[in-house]
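# Residue-level structural notes
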Protein chains: 2
Amino acid sequence: MTTTELDAQLRRVQGWIEANLDRHINRLQRLVRVPSISPTGQQMAEGAETTAQLLREIGCQVVEIVPTSGFPVVFGEWQAGQPYTLVIYAEYDVMPADEPAWKVKPFEAALVDEPGLGRVLMGRGARNQKGPLVSILNAVEALVALDGKPPVNLMFVFEGEEELGSRHLPEFVEKYADRLKRADAMLAPHTHMNRQGEGLLWAGSKGIIVMELEASGQKWGRGPVGADAHSCYKAFVDSPAWRLVQALATLVSPDGNRVLVDGFYDAVLAPSAQDDALLAAFQDRFNPDFLDMGITRHIEDVHGLELMRRFFYSPTLNINGLSGGYAGPGIKTLLPAAATAKLDLRYVPNQEASDLIAKLRGHLDRHGFPDVELRVLGQSDWSATPLTSPVVSAAMSAYRRMGREPQVWPRNPGSIPFWIFNRAPLNLPFASAGLGHAVRSHAPNEFIVVDGNAQVFGLAQFETSLAAILYEFAAASAHA
Amino acid sequence: MTTTELDAQLRRVQGWIEANLDRHINRLQRLVRVPSISPTGQQMAEGAETTAQLLREIGCQVVEIVPTSGFPVVFGEWQAGQPYTLVIYAEYDVMPADEPAWKVKPFEAALVDEPGLGRVLMGRGARNQKGPLVSILNAVEALVALDGKPPVNLMFVFEGEEELGSRHLPEFVEKYADRLKRADAMLAPHTHMNRQGEGLLWAGSKGIIVMELEASGQKWGRGPVGADAHSCYKAFVDSPAWRLVQALATLVSPDGNRVLVDGFYDAVLAPSAQDDALLAAFQDRFNPDFLDMGITRHIEDVHGLELMRRFFYSPTLNINGLSGGYAGPGIKTLLPAAATAKLDLRYVPNQEASDLIAKLRGHLDRHGFPDVELRVLGQSDWSATPLTSPVVSAAMSAYRRMGREPQVWPRNPGSIPFWIFNRAPLNLPFASAGLGHAVRSHAPNEFIVVDGNAQVFGLAQFETSLAAILYEFAAASAHA
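Residues numbered from 1 in each chain as written. Chains lettered and ligands numbered in written order. Predicted model: local features only at pLDDT ≥ 70, side-chain atom pairs only at ≥ 80, totals over all residues. Heavy atoms only, no water.

Turning our eyes to something else, we now look at the packing of aromatic side chains. Under the counting rule described, the total for this entry stands at 35 aromatic pairs over all chains. The interplanar angle of 85 degrees and the centroid separation of 5.0 Å between the aromatic rings of Phe236 of chain A and Phe311 of chain B together place this pair among those described as edge-to-face. A residue pair is termed interchain when its members come from two chains, as with Phe236 of chain A in the loop between strand S11 (229-230) and helix H8 (240-251) and Phe311 of chain B in helix H10 (residues 304-313). This pair shows no difference in class: Phe236 of chain A is buried, exactly as Phe311 of chain B is. Both rings, one in Phe311 of chain A and one in Phe312 of chain A, keep their centres 5.4 Å apart while their planes meet at 45 degrees; by these two values the pair is tilted. Phe312 of chain A matches Phe311 of chain A in its accessibility class, with the two residues each being buried. Each residue in the set Tyr233 and Phe236 of chain A together with Phe282, Phe286, Phe311, Phe312 and Trp409 of chain B is aromatic and connected to the rest through ring pairs, giving one cluster. Taking NZ or CZ as reference, Arg423 of chain A lies 3.9 Å from the ring centre of Trp382 of chain A, over its face. (Phe/Tyr/Trp six-rings, centres within 6.5 Å; stacked < 30°, edge-to-face > 60°. Helix = DSSP H or I, 4+ residues; strand = E, 2+ residues; numbered from the N terminus. Buried < 20%, exposed > 50% of the residue type's maximum accessible area, 1.4 Å probe, protein only. Lys NZ or Arg CZ within 6 Å of the ring centre and 35° of its normal.)

The eight strands lie next to each other as S15(A)-S10(A)-S14(A)-S12(A)-S12(B)-S14(B)-S10(B)-S15(B), forming an open sheet whose pairing is antiparallel. Strands with a single pairing partner mark the edges of an open sheet, and in this sheet they are strand S15 (373-380) of chain A together with strand S15 (373-380) of chain B. In this sheet, adjacent strand axes meet at a mean angle of 25 degrees when their direction is disregarded. As judged from the ten bridges shared by strand S10 (residues 207-216) of chain A and strand S14 (residues 338-347) of chain A, these two strands associate in the antiparallel manner. Within the sheet, the bridge partner assigned to Ala215 of chain A lies in S14 of chain A and is Ala339 of chain A. Contacting strand S12 (316-325) and S14 of chain A together with strand S10 (207-216), strand S12 (316-325) and strand S14 (338-347) of chain B, helix H8 (residues 240-251) of chain B runs over the sheet at an angle of about 20 degrees to S14 of chain B. Sitting on the sheet, helix H11 (residues 353-366) of chain B is in contact with S10, S14 and S15 of chain B, with an inclination near 165 degrees to S15 of chain B. (Pairing = 2+ DSSP bridges. Axes fitted to C-alpha atoms, helices over the stretch in contact; angles between N-to-C directions. Contact = heavy atoms within 4.5 Å.)

This next bit is on the domain arrangement of chain A. Residues and elements named next belong to chain A. Taken domain by domain, chain A holds domain 1 (3-205 + 383-479) and domain 2 (207-268 + 314-380). Computed from C-alpha atoms alone, the centre-to-centre distance between domain 1 and domain 2 is 36 Å. When the two sides are added together, the surface that domain 1 and domain 2 hide from each other amounts to roughly 640 Å², 46% of it contributed by carbon and sulfur. For the interface between domain 1 and domain 2, the tally reads zero salt bridges. The tally of links from domain 1 across to domain 2 stands at one residue pair in polar contact (both at pLDDT 80 or more). Taken together, the residues of the side of domain 1 that touches domain 2 break down into four nonpolar, four polar and two charged. (Domains from an automatic or database assignment. Buried area = accessible area lost by both parts, 1.4 Å probe. Salt bridge = Lys/Arg side-chain N within 4 Å of Asp/Glu carboxyl O. Polar contact = N/O pair within 3.5 Å; in protein donor to acceptor, adjacent residues only side chain to side chain. Nonpolar A, V, L, I, M, F, W, Y, C, P; charged D, E, K, R; others polar.)

On the side of chain A, 88 residues touch chain B, which itself brings 87 residues to the contact. Between chain B and chain A lies a buried interface of about 7,500 Å² when both sides are counted; carbon and sulfur atoms form 61% of it. Counting the surface chain B buries against chain A, the share from its top three residues, Phe236, Trp242 and Ile331 of chain B, is 12%. On the surface where chain B and chain A come into contact, there are six salt bridges. Across the chain B-chain A interface, the total number found is 42 residue pairs in polar contact (both at pLDDT 80 or more). Counting residues per element, the ones that place at least two in the side of chain B that touches chain A are S10, strand S11 (229-230), H8, H10, S12, strand S13 (334-335), S14 and S15 of chain B. If one sorts the elements of the side of chain B that touches chain A by residue count, S12 of chain B sits on top with ten residues.

As a further point, take the relation of the copies chain B and chain A. Superposing chain B onto chain A takes a rotation of 180 degrees combined with a translation of 0.1 Å along the rotation axis, leaving an RMSD of 0.1 Å. Here the symmetry operator amounts to a two-fold rotation axis. No C-alpha of chain B approaches the rotation axis more nearly than that of Ser323 of chain B, which lies at 2.4 Å. Both copies present the same face, since 100% of the interface residues in chain B are matched by interface residues at the equivalent positions in chain A. (Least-squares fit on C-alpha atoms with pLDDT ≥ 70 in both.)

Another point: the pairing of S12 of chain A. Summarising burial for S12 of chain A: eight of the ten residues are buried, a large majority. One ladder, built from seven bridges, connects S12 of chain A with S14 of chain A; its direction is antiparallel. In the strand pairing of S14 of chain A, Thr316 of chain A is matched with Arg346 of chain A. Both S12 of chain A and S12 of chain B contribute to a ladder of five bridges, which runs antiparallel. Considered in S12 of chain B, the bridge of Leu322 of chain A is made with Gly324 of chain B.

This next bit is on the side chain of Lys206 of chain B. Residue and element names in this part refer to chain B. Of note, Lys206 is situated in the loop between strand S9 (204-205) and S10. Of the side chains with opposite charge, Asp344 comes closest to the buried, unpaired Lys206, at an N-O distance of 8.9 Å. Within polar-contact distance, the side chain of Lys206 engages the backbone oxygen of Ser314 at 2.7 Å. (Lys, Arg positive; Asp, Glu negative; His and termini not counted.)

Residue and element names in this part refer to chain A. Burial along strand S17 (residues 406-409) is two-sided: Pro406 and Val408 facing one way and Gln407 and Trp409 facing the other are all buried. Relative to S17, strand S8 (residues 199-202) runs parallel, the two sharing four bridges. Counted as the bridge partner of Leu201 is Val408 from S17.

Another aspect to go through is the pattern of salt bridges. A full pass over the atoms with the stated rule returns 68 salt bridges over all chains. With its nearest N and O atoms 3.3 Å apart, the salt bridge here joins Glu99 of chain B to Lys332 of chain A. Placement of the pair is Glu99 of chain B in the loop between strand S3 (85-91) and strand S4 (110-114) and Lys332 of chain A in the loop between S12 and strand S13 (334-335), with the two residues belonging to separate chains. On the basis of relative accessible area, Lys332 of chain A is assigned to the buried category, the value being 4%. Each of Arg23, Arg27, Arg30, Glu57 and Glu141 of chain A takes part in a single network of salt bridges with overlapping partners.

Negative phi is the rule for most residues except glycine; trans is the rule for most peptide bonds. In this structure, Gln129 of chain A follows Asn128 of chain A across a cis peptide bond, with omega equal to 20 degrees. Relative to the elements of secondary structure, Gln129 of chain A occurs in the loop between strand S5 (118-122) and helix H4 (130-147). Between Ala424 of chain A and the following residue, Pro425 of chain A, the backbone shows a cis peptide bond with an omega angle of 10 degrees. Within the secondary structure, Pro425 of chain A is located in the loop between helix H13 (419-422) and strand S18 (430-433). If you check the backbone angles, Asp301 of chain B has positive phi at about 55 degrees while not being a glycine. Within the chain, His442 of chain B stands out as a residue other than glycine whose phi angle is a positive 60 degrees. By secondary structure assignment, the location of His442 of chain B is in the loop between strand S19 (438-439) and strand S20 (447-449).

Next up on the list: the packing of H8 of chain A against H8 of chain B. At their nearest, the axes of H8 of chain A and H8 of chain B sit 9 Å apart, and the two run at 115 degrees to each other. When the axis of H8 of chain A is compared with that of H8 of chain B, the two are roughly perpendicular. Crossing geometry of H8 of chain A relative to H8 of chain B is assigned as left-handed. Mapping the contact onto sequence places Trp242, Val245, Gln246, Leu248, Ala249 and Leu251 of chain A in H8 of chain A and Trp242, Val245, Gln246, Leu248, Ala249 and Leu251 of chain B in H8 of chain B. (Parallel < 35°, antiparallel > 145°, perpendicular 65-115°, else oblique. Left-handed = near helix turned anticlockwise from the far one by under 90°.)

Moving on: helix H2 (residues 21-32) of chain A. Under the 1.5 Å per step criterion, the end-to-end length of H2 of chain A is 17 Å for twelve residues, consistent within 8% with the ideal 16 Å. Residues Leu21, His24, Ile25, Arg27, Leu28, Gln29, Leu31 and Val32 of chain A constitute the buried set of H2 of chain A. (Expected span 1.5 Å × (residues − 1).)

Set out below in structure tokens:
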């Protein structure tokens with residue numbers, strides 16, 4: 001197809017999607033309404049079955065619910081007889097939605113009017129990741145309806161443990177490696193348009209280690225053992241809760257922002273001049289609060305290029321939650337037998353997880369806290385793709401064709417486990433892209449835009465942008 | 001009565017109680033089975049009504065459920081026409097019993113066989129304070145049955161907010177001050193016999209301030225405001241949870257045991273040589289784990305006199321509980337908008353609560369944490385009675401008459417609000433005494449002994465010891 005032909009084709013695609021939009025919305029509602037919450041294990045089987053059903057509906061010749069040692073992977077193949085093949089990766093599991101601030105029931109997938117954006121679909125998973133998962137299926141359905149088949153062969157890998165750190169996705173990849181190696185690249189569809197209508201894409205991801213630190217009388221050999229004690233004993237009995245506080249306090253600077261573990265930053269690749277230039281290209285358009293979480297004040301009031309450098313290139317150590325003793329209403333004067341902090345450590349090229357964990361453990365030991373347990377709950381490595389790769393340039397071309405100059409983020413600052421495709425044994429280049437708008441992952445009132453406005457694309461344009469990437473990937477691969 | 005007559009009379013009392021023991025046990029079960037949990041407000045009205053009913057059963061001429069701004073005080077008078085008058089103080093409220101380690105239902109008041117102790121009555125409140133409350137009523141019933149009336153006039157003050165820091169007991173005392181001032185002393189019955197059969201008594205109490213510290217984006221003007229954020233923002237957004245940790249860490253020494261707030265210890269009265277001699281008298285018999293909570297290892301491995309000095313004379317700052325962010329199963333990578341620590345501060349003569357709170361607030365401000373909120377949730381002052389007072393010497397005589405040399409504790413290391421009777425406007429001397437054995441206040445599997453063994457008194461001897469104190473108080477007051 002020439003450029004003009006492709007533009008005309010994308011108009012047809014969008015027209016077809018608009019004519020079928022109610023059905024596309026309903027398809028997303030069907031999946032959001034299944035509370036497939038991997039951290040609690042709730043309705044994961046139903047989530048996998050519904051996802052498989054959607055793959056069948058768009059004409060995949062192969063649809064399998066593949067067991068793993070954890071929750072299953074839903075695998076599908078659309079064998080189009082095309083020269084190039086893309087893996088499409090997303091997850092069908094979501095986080096719990098127990099926050100009291102939800103203004104709708106989080107698993108009803110209600111259509112809600114959002115000021116300035118028209119209708120949005122609000123519910124857990126609308127952004128992360130059920131919205132993008134269903135949207136690419138809808139886009140493929142449109143391509144099949146218009147062309148009889150998609151422009152590239154597709155292998156869908158929809159996992160059920162992303163929110164658990166993709167623990168068993170490597171197991172699946174190993175099992176299916178022969179098939180997956182036939183792919184030329186991986187595409188992770190996502191709602192990468194921000195509130196200003198800017199389109200961004202990711203060519204990498206930060207890594208993450210989720211862990212908990214626990215101080216206990218049991219391990220310490222001091223303080224109450226097993227059961228909490230009456231707090232009058234504090235006069236001559238040690239406190240595991242104070243011990244946890246003191247151990248935690250040694251880990252970071254007084255402002256909570258610099259990690260004080262020896263060698264923690266040693267392997268961090270600082271951004272090169274070229275990297276900085278890439279960031280500077282969209283510095284003025286960069287919206288730090290890309291998840292629309294009401295973040296206004298920054299550490300040390302940094303902004304511009306320095307803020308972007310921290311966001312993309314800095315590892316972090318964060319407290320997810322504190323617990324121990326009595327935290328209910330009123331008063332209960334306990335000397336707790338144990339206290340726990342959940343932490344996440346986000347890390348970057350070329351830091352290594354095992355090295356960081358060893359350094360943390362060593363820090364606690366050297367600071368006199370050998371008894372404070374460090375338990376790793378989950379881990380996902382970082383990843384990186386050259387920006388010259390066809391899958392990245394295809395996404396950039398598709399964005400421009402949809403009228404948006406891309407912001408190329410060197411990496412996702414969250415922790416999508418692209419590394420499982422990006423490293424051995426598959427070594428696939430990848431991009432995470434798509435011009436949809438959605439907000440509030442892991443937070444109350446998560447939504448994806450359905451209608452949109454002059455700046456912000458609605459669902460039909462989002463799906464069209466994903467179709468555009470598939471066309472552009474076929475073209476870019478042919479020219480590479 | 002001569003000494004010999006009194007001994008004979010106490011044998012009669014104990015015989016009468018033994019003959020009526022099943023009914024006495026049942027009376028205690030009736031009260032324990034009402035879950036009058038003041039921290040949650042559960043069934044407090046039923047708790048007051050049952051308590052009032054018990055006062056009526058033993059013949060009080062006056063029984064009133066006296067409303068306060070909080071939960072009511074149950075007041076009773078046994079007007080015996082005697083020359084001396086004792087106030088009897090206890091509480092009918094209990095702590096929650098939500099600990100998973102309970103091996104019986106905590107509000108069924110089951111009789112359980114406890115190795116070496118025969119039957120015990122297990123349930124929330126068995127020790128703290130329903131056991132002693134019912135036991136003195138049972139003792140009075142025996143005296144009335146045998147003598148027609150008790151040897152002293154009695155005023156019962158049974159409050160419903162002890163576990164909330166006795167917030168409205170001063171309101172009651174002010175309202176009933178004219179009547180209460182007719183009393184000569186206050187007696188707080190308690191299970192003061194330890195597992196070795198030693199009898200102790202208290203002539204004072206530590207004070208307590210219960211508070212919570214909260215760090216929040218809202219107050220700080222940094223970090224997430226209102227809702228928790230996705231933790232990828234940690235790269236450029238401050239963390240209220242780290243802030244709480246750092247603020248807490250400044251409050252105590254690295255071992256968690258010495259308070260580092262300027263001037264915190266200034267007003268502490270160190271034990272005098274006379275005080276030390278008092279402690280040394282029972283140093284060899286002193287059981288630090290008097291609540292039987294499995295405490296074996298002590299701060300700096302202190303023991304003997306030094307341990308006792310800390311227990312009775314040292315103020316403490318303890319963490320009751322930590323909370324904030326996600327503390328459930330699995331993983332939720334949040335940057336929490338707020339984090340909270342509940343603390344209790346136990347203090348001693350001549351420290352003052354308002355001064356200590358101001359010093360804590362000043363410490364946080366000076367260390368750069370003016371935004372960390374300090375909220376006082378409850379407070380109860382310390383108290384002290386001279387050991388030469390008739391009520392203390394009566395208790396000591398009664399113990400010896402029951403065959404036990406008393407351990408005189410200068411103060412209760414917990415926080416029973418004796419100050420409300422001990423300070424203005426009543427200025428009553430007092431003792432907390434009684435030879436019963438019970439364990440695990442505020443903890444799972446709380447119980448009071450019913451049968452006992454050669455060392456440890458059962459319920460009938462406990463009640464007899466309380467009767468002995470009433471007889472001895474009448475005698476000691478006449479000789480004072």
